[in-house]
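So you can see what is in the structure, the chains are spelled out below.
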Amino acid sequence: SIKSSNDDNTNLNTCLNYLLRLLILKDKEGFFQYPVTDQLAPGYSQIITNPMDFSTMKKKINHDEYSNILEFCSDFELMCNNAMKYNRPETIYWQAAKRLLSTGNKSMTKDKLINLRRTVE
Ligand SMILES: COc1ccc(OC)c(-c2cc(C(C)=O)n3cccnc23)c1
């Protein structure tokens, strides 16, 4: 069907908002809801050059800054990998990031994303 680009953006943003809500549900402690501050984590801004969190991803969706689902997935992986870089493996933050990354990726397999895209049309 002939659709204007902003319709496509609406469909994409509907998918991304659904995926974001799914991922946020997995972060029960709220460690990934907001940017990590240097007050919470000494030296964080020196060690992590590209910070990412769920509230920033929400803003990027609302400002149409994602042009496809893969860009959204890479911000999700960036967020988890930041936590596994700054924190030591024995910490609750490293373990929460590892668990979030694996359960999150299981919700965003290729076939699940294709089915999601179909339901949104
Ligand atoms: C203890 O309660 C909170 C509340 C919010 C947090 O991040 C938004 C964090 C937090 C989140 C993180 C991460 C994600 O690395 N972190 C690292 C070191 C110390 N604190 C944190 C902890």
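Our structure's up above, just so we're on the same page.
Parameters and conventions
Residues numbered from 1 in each chain as written. Predicted model: local features only at pLDDT ≥ 70, side-chain atom pairs only at ≥ 80, totals over all residues. Heavy atoms only, no water. Helix = DSSP H or I, 4+ residues; strand = E, 2+ residues; numbered from the N terminus. Contact = heavy atoms within 4.5 Å. Near = heavy atom within 4 Å. Polar contact = N/O pair within 3.5 Å; in protein donor to acceptor, adjacent residues only side chain to side chain. Nonpolar A, V, L, I, M, F, W, Y, C, P; charged D, E, K, R; others polar. Phe/Tyr/Trp six-rings, centres within 6.5 Å; stacked < 30°, edge-to-face > 60°. Buried < 20%, exposed > 50% of the residue type's maximum accessible area, 1.4 Å probe, protein only. Core = buried A, V, L, I, M, F, W, Y, C linked by side-chain atoms within 4.5 Å. Disulfide = S-S within 2.5 Å.

### A short note on the environment of Asn-9
- The topology assignment puts Asn-9 in helix α1 (residues 5-25).
- Residues Asn-9 and Ser-67, 58 residues apart in the sequence, show an inter-C-alpha distance of 7.5 Å.
- Setting aside anything within four residues of it in sequence, one finds Asn-9 in contact with Asp-64 and Tyr-66.

### Topic: the site of the ligand
- Neighbouring the ligand are the residues Phe-31, Phe-32, Tyr-34, Val-36, Leu-40, Ala-41, Asn-87 and Tyr-93.
- At a separation of 3.2 Å, an oxygen atom of the ligand approaches a polar backbone atom of Phe-31.
- Residues belonging to the shell around the ligand are distributed by class as follows: seven nonpolar, one polar and no charged.

### Thoughts on the environment of Leu-101
- Within the secondary structure layout, Leu-101 lies in helix α5 (residues 92-107).
- When the C-alpha atoms of Leu-101 and Lys-112 are compared, they prove to be 16 Å apart, with eleven residues separating the residues in sequence.
- Once you skip the residues sitting within four places of it in the chain, Leu-101 turns out to touch Phe-76, Glu-77, Cys-80 and Asn-81.

### A closer look at the packing of aromatic side chains
- In this structure the tally under the stated criterion is three aromatic pairs.
- Aromatic pair Tyr-66 and Phe-72: ring centres 5.7 Å apart, planes at 80 degrees, arrangement edge-to-face. Across the pair, Phe-72 and Tyr-66 agree in class, each one buried.

### Observations regarding the nonpolar core
- Ranked by internal contacts, the top residues of the largest apolar core, which has 27 residues, are Phe-54, Phe-72 and Phe-76.
- Of all the elements, helix α4 (residues 69-86) adds the most residues to this core, at seven residues.
- Once residues lying within four places of it in the same chain are set aside, the contact partners of Phe-72 are Leu-16, Leu-19, Leu-20, Leu-23, Met-57, Ile-61, Tyr-66 and Met-108.

### Side note on the state of the cysteines
- All chains considered together, the criterion is met by zero disulfides.
- Unpaired in terms of disulfides, Cys-15 finds its nearest cysteine sulfur in Cys-73, a separation of 11 Å.

### Side note on the side chain of Asp-27
- Along the chain, the position of Asp-27 falls in the loop between α1 and α2 (44-47).
- Excluding anything up to four places from it in sequence, Asp-27 contacts Phe-32, Gln-33 and Phe-54.

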